[in-house]
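Listed below are the residues making up each chain.
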Amino acid sequence: MNYADWLAYASQFLSQNLKNDPHLNAGLDANWLLQAAVKKSKSQIMAFSDTQLDEKTLQNLTALLTRRAAGEPIAYILGETEFWTLNLEVSPHTLIPRPDTEILVEQALARMPSKDGVAILDLGTGTGAIALSLAKELKKRGQKYRIFGVDLMPEAVALAQRNAVRNQLNDVEFYQSSWFDNVNGKFDLIVSNPPYIDPSDEHLTQGDVRFEPLSALIAEEQGYADLRHIIERAPHYLNPQGWLLLEHGWQQGEKVRAIFAENLWEKVATMKDYGDNERVTLAKLR
Ligand SMILES: C[S@@+](CC[C@H](N)C(=O)[O-])C[C@H]1O[C@@H](n2cnc3c(N)ncnc32)[C@H](O)[C@@H]1O
């Protein structure tokens, strides 16, 4: 079997096995798996599509294809994903960063004070996606910063640290903390994409999230407990006029806006994601 034969076979196999996945791009996924197995780029595979696959590589490809056909996200199989302008290692200890979270990065950049030494805190940093994206942009602007990311899970902290090295952003600091418990000092911006799914949500048994840890997904109070905790504690850790930006579920905007107490916060607003759903609510400390 050559590259082209395997791609045709694998695309069809994935289409059949994952026909209920509306986001499936079988051809693309088959190509990612082949690239990983033969360690060649997409263009090399195209240019040499009649290359024969040896028995050992075919066995390896079958193993990868079986995992993908069982619904495992391609990012976990490859061990990496793209977010913003970064390449990030991913692990089953935390969420795979989603394109919608780039809205949070955009909104944070739009509200970034222009001073040198701007202080930013990313709560529930996971892979470090948000903290590292902000660092990369500020570095590009030539603006000095102090950026910290915390996570409850030590494995996620270690992962974010590896991603800092991987993206040459070694000055971003990651450490373990349950929300603000080990956090000291004040920040100009606090950003977070906390767990916000209701533990009884039926979607937890479908698609990619089946493979992601519940510690990254669910929160008590129908998904609002962590959002509420962060909104209530953040004023103690923000500089005057500081911003808090939170990602949440597409149906949670109204309730999240209501949690921001009017006497403490101003400019409370919700931004939509690429699918036109309410996704990020932000507010400025009075
Ligand atoms: C939805 S994921 C977001 C990960 C990453 N920020 C992103 O946007 O891809 C939520 C993260 O919050 C972390 N987390 C859950 N409970 C936490 C807590 N009490 N304190 C700090 N982090 C927590 C999880 O381990 C997970 O990495």
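If you look the chain up in an unreviewed UniProt entry, it shows as Release factor glutamine methyltransferase from Exercitatus varius. Recorded in UniProt under Function (unreviewed entry), the annotation for the chain is "Methylates the class 1 translation termination release factors RF1/PrfA and RF2/PrfB on the glutamine residue of the universally conserved GGQ motif." The heading Sequence similarities (unreviewed entry) in the UniProt record of the chain holds the text "Belongs to the protein N5-glutamine methyltransferase family. PrmC subfamily."

Chemist: Which residues make up the domain arrangement of the chain, and what values go with them?
Modeler: Taken domain by domain, the chain consists of domain 1 (3-71) and domain 2 (93-285). Between the C-alpha centres of domain 1 and domain 2 there is a distance of 35 Å.

Chemist: Any chance you could break down unusual backbone geometry for me, citing the residues and the numbers?
Modeler: For Gln168, which is not a glycine, the phi torsion comes out positive at approximately 50°. One can find Gln168 in the loop between helix 8 (154-166) and strand 5 (173-176). A relative accessible area of 61% means that Gln168 is categorised as exposed. Positive phi outside glycine occurs at Gln241, with the angle close to 70°.

Chemist: Would you mind going over the pattern of salt bridges in detail, with residue names and values included?
Modeler: On inspection of all chains with the given rule, the structure shows 14 salt bridges. In this structure, Arg279 engages Asp100 in a salt bridge whose closest nitrogen and oxygen atoms are separated by 4.0 Å. On the criterion of sequence distance, the pair formed by Arg279 in strand 9 (residues 278-285) and Asp100 in the loop between strand 2 (86-89) and helix 6 (101-110) is long-range, its members being 179 residues apart. With a shortest N-O distance of 3.4 Å, Glu137 and Lys140 are connected by a salt bridge. Within this pair, Glu137 and its partner Lys140 are both found in helix 7 (residues 129-141), separated by three residues, close to a single helical turn. The class for Glu137 is buried, based on a relative accessible area of 13%.

Calculation rules
Residues numbered from 1 in each chain as written. Predicted model: local features only at pLDDT ≥ 70, side-chain atom pairs only at ≥ 80, totals over all residues. Heavy atoms only, no water. UniProt positions renumbered as here; feature names shortened; annotations may be inferred. Domains from an automatic or database assignment. Helix = DSSP H or I, 4+ residues; strand = E, 2+ residues; numbered from the N terminus. Buried < 20%, exposed > 50% of the residue type's maximum accessible area, 1.4 Å probe, protein only. Salt bridge = Lys/Arg side-chain N within 4 Å of Asp/Glu carboxyl O.

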